[in-house]
Amino acid sequence: MGKKDKQEEIFDAFCLENTVYFTRVPESYKNREIYKPLNEKALKAFIPGIIREMQVKVGDIVQKGDQLMILDAMKMNNVVRTLFSGKIIAVNVKEGDMVKKNQIIVEFE
């Protein structure tokens, strides 16, 4: 018997159409990053780039479709617009800042 045979295997059960199935739980699953629900009140950078122009500040009330900033990425100026109406409670970047993908740029109330 090798080392693998001596290790206790972990199985998970699930039911599908009245049939119970068992599956092995791999190390990658056990060591995975825990799911975090999407924060709909935070605008994240969709691509790495440089903030070229900010058109909002803390306290501004914006309407759906309003332009928030221009993000320069891959030699293109990307106009970033809001997907919903609301009040801006935090602006985490300023003009000239380099942002990473998924970095929180603006937070809404």
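Note: the structure precedes this text.
Everything numeric here is computed off the predicted structure, so don't read it as measured data.

Conventions we followed
- Residues numbered from 1 in each chain as written.
- Predicted model: local features only at pLDDT ≥ 70, side-chain atom pairs only at ≥ 80, totals over all residues.
- Heavy atoms only, no water.
- Buried < 20%, exposed > 50% of the residue type's maximum accessible area, 1.4 Å probe, protein only.
- Helix = DSSP H or I, 4+ residues; strand = E, 2+ residues; numbered from the N terminus.
- Pairing = 2+ DSSP bridges.
- Patch = residues over 30% accessible without salt bridge, like charges linked within 9 Å, V, L, I, M, F, W, Y side chains within 5 Å.
- Areas by Shrake-Rupley, 256 points an atom, 1.4 Å probe, with all protein chains shown as cover.
- Salt bridge = Lys/Arg side-chain N within 4 Å of Asp/Glu carboxyl O.
- Core = buried A, V, L, I, M, F, W, Y, C linked by side-chain atoms within 4.5 Å.
- Contact = heavy atoms within 4.5 Å.

Draft legend 1. Here's a closer look at unusual backbone geometry. One non-glycine residue, Glu-17, lies in positive phi territory at about 50°. Accessibility expressed as a relative area gives 72% for Glu-17, which makes it exposed. The phi torsion at Asn-102 lies on the positive side, around 70°, for a residue other than glycine. Structurally, Asn-102 can be placed in the loop between strand 9 (98-99) and strand 10 (104-108). The partly exposed category is assigned to Asn-102, whose relative accessible area is 48%.

Draft legend 2. Geometry of the sheet that holds strand 9. Spatially, 7-6-4-9 is the arrangement adopted by the four strands of the open sheet, whose pairing is antiparallel. In this open sheet, the two strands that pair with only one neighbour each are strand 7 (76-81) and strand 9.

Draft legend 3. Inspection of a nonpolar patch on the surface at higher detail. On the surface, a nonpolar cluster with roughly 340 Å² of combined accessible area is contributed by Phe-11, Val-20 and Phe-22. Tracing the backbone shows Phe-11 in strand 1 (residues 11-16).

Draft legend 4. The sheet that holds strand 10, seen in detail. Reading across from one edge, 3-10-8-5 is the order of the four strands in this open sheet, with antiparallel pairing throughout. Each edge of the open sheet carries a strand with a single partner, namely strand 3 (42-44) and strand 5 (61-62).

Draft legend 5. View of the nonpolar core. Counting 16 residues, the largest nonpolar core has Leu-43, Ile-51, Leu-68, Met-69, Ile-88, Val-106 and Phe-108 as its most contacted members. For this core, the secondary-structure elements that each account for two or more residues are strand 4 (49-54), strand 6 (67-73) and strand 10. Those residues in contact with Ile-51 that sit more than four places away from it in its chain are Met-69, Ile-70, Leu-71, Val-93, Lys-94, Glu-95, Gly-96, Asp-97 and Val-99.

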